[in-house]
Amino acid sequence: MIRKTYINYILLNLIKMLDKNYNAADVEKKWQDYWEKENIYKFDPNSKKKIYSVDVPPPYASAGHLHVGHALHYTQFEIIARYKRMKGFNVYFAPCFDDNGLPTEKYVEEKLGVNKNTVSRSEFRKLCIEANEEVERIYRDKVFKRLGHSYDWNLLYTTIGNEAQKVAQTSFVKLVKQGDCYRAEEPTIWCTYHQTALAQAEVEDLKRKTKLNYIDFDLENGEKINVATTRPEFLAACVGIFVHPDDVRYEDLVGKNAVVPIFNQKVPIMTDEKVDKDFGTGIVMICTFGDNTDIEWWKKHNLPLKIIIDKRGMLNELALEYKGLTLNDAREKIIEKLTKEGKLKNREELEQTVGSCWRCNTPVEYIVTKQWFIKALNYKNELIEQGRKINWYPEFFRVRYEDWTKNLGWDWCISRQRFFGVPIPAWYCNKCDNIVVAKENELPLDPLEIDRGKCTKCKNGELKADEDVFDTWMTSSMTPQITARWLEDPLNYKKKFPSSLRPQAQDIIRTWAFYTILKSYLHFKEIPWRDISLGTFVLDAKGRGMHKSKGNVVWADILLEKYDVDTFRHWVGKAKWGSDIPFKEEELVNGKKFLTKLWNASKFVLMHLENYDYSKPNKIEDIDKYYLLKLNDIIKTATESYETYDTSEANKAIESYFWHDFCDNYLEIVKDRLYNPNVRGGESRKSAQYTLYKILSNLLKLIAPVVPHITEEIYHVDFAKNEENKSIHTAEWPKEEKIDGKLIIEKGDLFVKIVESVRKIKTDNKKSLKDEIVLTLDNKSLDLLKDLIDDLKAVTKAKEIKKGEFNTEF
RNA sequence: GGGCCCAUGAUCUAGUGGCUAUGAUGUCACCCUUACAAGGUGAACGUCCCCGGUUCGAGUCCGGGUGGGCCCACCA
């Protein structure tokens with residue numbers, strides 16, 4: 001044992017070769033540095049190759065942990081970028097960070113102890129940029145570089161950067177000019193905690209328990225009706241009562257007036273089909289505004305407006321004695337009073353789902369304010385049309401996009417009453433209705449820092465700057481334009497737009513995908529990308545979503561302390577795009593085993609290529625041709641699968657061929673020829689060497705996008721210098737090669753079948769596979785395999801092959 | 001309430017109307033085979049969620065259930 005290892009050691013050192021064991025840590029570091037130093041992934045703007053551009057999702061850079069789902073998804077499309085590069089495209093793969101949102105704002109506020117009262121918006125922005133740079137540098141090294149990602153870092157953009165701000169503001173100015181962006185006083189969805197308007201897409205469900213209150217209202221004639229409501233705090237804002245038109249119980253009420261308790265306003269009783277007769281008492285009060293239906297009915301029935309809450313969710317003077325109370329406090333007080341007056345007849349527990357702010361979970365309210373909107377409702381059909389021009393992978397996600405588009409109820413509200421973000425470049429006259437929007441050539445700017453002086457329209461008022469900022473999607477919806485440098489480099493921009501691919505998560509189809517399609521349509525009547533591919537969603541081992549609150553989140557950076565990057569990437573390569581996968585750490589074992597196998601098989605092959613002159617032999621043995629033909633099939637399958645973003649299918653096919661056809665069978669078959677140079681005049685050994693070289697070099701390339709480090713290491717032992725190539729990642733993707741020979745597949749299949757039978761017999765008889773046998777084959781087989789007899793003898797360890805009925809003797 | 005996706009050995013998974021249902025992990029047996037024991041060769045483990053239909057033939061198509069996941073709407 002010791003002796004054998006020692007001899008191996010000597011041999012390995014004599015013939016420049018792969019180390020005995022694969023040392024992942026060293027290899028990974030070595031090549032990551034090399035790629036960076038040699039600019040392997042640099043985008044060449046002057047290249048004549050076709051461009052493949054990726055509209056990368058800008059990640060929030062955070063100093064904290066990296067979610068395994070995130071690492072998976074980013075690696076998933078990184079694999080595609082590598083594939084396309086090898087396929088001959090000039091790949092435009094620009095990294096980016098989203099550092100313009102609330103997380104950055106919070107981080108700076110907490111870390112530096114500043115807030116919007118102590119610094120100006122532009123100072124605050126400067127602080128954010130500084131804080132981000134540090135975090136992003138760490139993120140870049142600890143995450144992207146560590147995962148072996150092949151971005152061209154010269155192309156980096158950040159959503160807080162000038163170009164991104166300019167694009168967002170330019171988009172706004174252009175849309176205002178063309179009439180697709182307007183300012184209006186409308187009921188908007190409102191978060192009382194953040195004191196900002198929200199888009200429909202920012203509202204999430206919140207399940208909670210509440211009380212349904214049955215309250216008596218007096219009629220003018222002295223009769224009483226009973227109304228069920230969960231929001232008695234809105235009594236002051238009550239502007240009407242509804243019953244169902246077919247509800248015989250209440251036929252007589254319609255047209256009469258009711259008197260609202262406590263506040264005593266008279267409100268009309270009307271009918272609407274949408275009333276549910278079976279809910280509560282079947283009598284509904286409508287207030288401005290308790291919920292969505294209130295807004296609908298308010299508009300439909302032309303009811304008056306009574307706003308009783310302010311931006312903080314506090315009641316105002318219209319709420320009389322309840323002024324200054326929060327909605328919750330007012331509810332308690334009002335219930336108290338109603339009880340005292342004997343008007344509260346009953347209270348029931350009720351489970352309800354209310355909309356809430358996606359950031360803070362505060363239930364949303366509806367407030368009438370001046371907001372900017374981008375038209376979407378007008379273009380529903382066009383947007384669905386645009387969606388159909390895009391290739392969706394998997395296809396069924398287009399349905400989700402169409403459903404969302406069809407069911408849109410609001411235009412897109414783009415203004416937010418936040419402090420930090422992209423400023424809205426507009427000014428308003430404080431005397432008349434004049435709105436002044438910045439000119440495109442002034443952008444980017446912060447209107448708060450520019451004095452526009454007197455109103456040009458009424459000559460009387462002053463122009464006051466808009467203090468709001470854009471919804472973050474206002475920037476994100478322009479990522480194809482930002483990444484391709486729409487404004488910075490308009491000439492080259494056209495080569496990169498529409499993007500080839502938008503990789504993204506399925507849960508933001510209604511936001512990111514939708515808004516991006518909308519913007520590209522409004523600005524260019526164009527689709528933003530040719531393909532959209534929805535990544536894999538990682539669940540915990542039991543198939544539940546990973547949430548910090550559940551404590552079941554797996555962090556990729558911790559995983560990478562235990563496993564090699566290529567091991568992790570191997571797992572990524574097998575994940576199916578668009579579907580959910582449960583995360584099981586045991587499954588990483590697979591990747592580890594694969595790397596070891598690849599290393600050892602390569603070591604074996606390279607050892608036997610030591611004195612190979614790389615020329616084509618005069619004659620290629622039939623069994624060699626058989627495995628070359630099978631390689632062709634794999635190249636075809638892998639290529640076709642990659643073209644539809646089915647990395648999982650591609651890699652399964654490649655790996656199965658590598659492991660079972662190549663290692664388990666082919667390597668065993670050729671050992672005899674390799675170890676005995678004089679067998680069959682030496683030419684058969686060369687045939688084996690030629691085949692080994694071909695297969696291994698192609699396999700390495702096929703698997704390189706998934707496991708870039710180990711393949712680069714092996715490639716550089718021999719292949720790189722022959723191909724005069726700096727990196728396997730700039731090598732050409734394998735192509736099928738023409739191979740002639742009659743009946744090769746039939747011969748090979750029979751050959752393998754015989755080998756497998758012999759192995760089974762040996763195992764059944766508890767014999768070692770190297771035990772010698774006497775093999776008997778029928779005439780037909782012998783005839784078909786007449787040129788392969790030597791290989792068959794060698795691999796089955798048959799001393800002799802006889803004619804007769806199939807049999808194996810020891 | 002609506003839409004979409006999913007259900008296959010213990011676990012994860014392939015299967016796009018057609019011979020005996022794929023592969024991996026785990027389990028068991030045997031084999032140290034001049035790359036690899038982190039390996040090799042085999043074996044066991046399946047009512048393909050249930051019911052009905054179409055078909056010569058259904059894991060696959062259709063209808064209806066059941067159970068899970070995601071998205072949306074929502075009762076005032």
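Preceding block: the structure.
Not measured: the values here are computed from a predicted model.

Peer 1: Where do I start with the overall build of chain A in this structure?
Peer 2: On a plain count of helices and strands, chain A comes out with 25 helices and 28 strands. Here the C-alpha atoms of chain A give a radius of gyration of 35 Å, more than 25% beyond the 28 Å that 2.2 N^0.38 yields for 810 residues. For chain A, the spread of C-alpha atoms along the principal axes amounts to about 115 × 60 × 50 Å. Within chain A, contacts between residues separated by at least 24 positions form 78% of all contacts whose residues are at least 6 apart in sequence. Surface accessibility of chain A: about 37000 Å² in total, with carbon and sulfur atoms responsible for 48%. The distance from the centre of the 127 positive side-chain charges to the centre of the 125 negative ones in chain A is 3 Å.

Peer 1: What's the story with unusual backbone geometry in this structure? I'm lost.
Peer 2: One can expect most non-glycine residues to show negative phi and most peptide bonds to be in trans. Cis geometry marks the peptide bond from Thr288 to Phe289, where omega comes out at -10°. Take Phe289: it is sitting in the loop between β12 (284-287) and α7 (292-300). Going from Tyr393 to Pro394, the amide bond is cis rather than trans, its omega being -10°. Along the chain, Pro394 falls in the loop between β15 (391-393) and α10 (397-406). Phi is positive for Asn39, close to 55°, though the residue is something other than glycine. For Asn39, the location among the structural elements is in the loop between α2 (24-38) and β1 (51-54). Given the relative accessible area of 43%, Asn39 is considered partly exposed. The residue Lys766 is not glycine, and still its phi comes out positive at about 55°.

Peer 1: I tried to follow the pairing of strand β5 (residues 181-191) on my own but got confused; where do I start?
Peer 2: Every other side chain in a regular strand lies on the same face of the sheet, so the side chains alternate between the two faces. Bridge count for β5 against strand β14 (residues 365-374) is 10 bridges, and the pairing is antiparallel. What sits directly across from Cys181, in β14, is Ile374. Of the strand pairs in this sheet, β5 and strand β6 (residues 196-198) are connected by 3 bridges, and their pairing is antiparallel. Bridge pairing links Cys191 to Thr196 in β6. Between β5 and β6, which follow one another and run antiparallel, lie 4 residues, and Gln195 among them has a positive phi close to 50°.

Peer 1: Is there a simple way to think about the protein's contact with RNA strand B in this case?
Peer 2: The immediate surroundings of RNA strand B are formed by 54 residues, with Gln352, Arg510, Lys584, Tyr675 and Thr763 found nearest. A share of 69% of the atoms of RNA strand B within 4 Å of the protein falls on sugar and phosphate groups. The separation between a base oxygen of RNA strand B and a polar side-chain atom of Lys597 is 3.0 Å. Within the backbone of Arg759, one N or O atom sits 3.4 Å away from a sugar or linking oxygen of RNA strand B. Class assignment of the residues belonging to the surface near RNA strand B gives a composition of 16 nonpolar, 14 polar and 24 charged.

Quick notes on the rules
Residues numbered from 1 in each chain as written. Chains lettered and ligands numbered in written order. Predicted model: local features only at pLDDT ≥ 70, side-chain atom pairs only at ≥ 80, totals over all residues. Heavy atoms only, no water. Helix = DSSP H or I, 4+ residues; strand = E, 2+ residues; numbered from the N terminus. Rg over C-alpha atoms; globule rule 2.2 N^0.38 Å. Contact = heavy atoms within 4.5 Å. Areas by Shrake-Rupley, 256 points an atom, 1.4 Å probe, with all protein chains shown as cover. Lys, Arg positive; Asp, Glu negative; His and termini not counted. Charge placed at Lys NZ, Arg CZ, Asp CG, Glu CD. Buried < 20%, exposed > 50% of the residue type's maximum accessible area, 1.4 Å probe, protein only. Pairing = 2+ DSSP bridges. Near = heavy atom within 4 Å. Polar contact = N/O pair within 3.5 Å; in protein donor to acceptor, adjacent residues only side chain to side chain. Nonpolar A, V, L, I, M, F, W, Y, C, P; charged D, E, K, R; others polar.

Interpretation in functional terms is not warranted from these geometric data alone.
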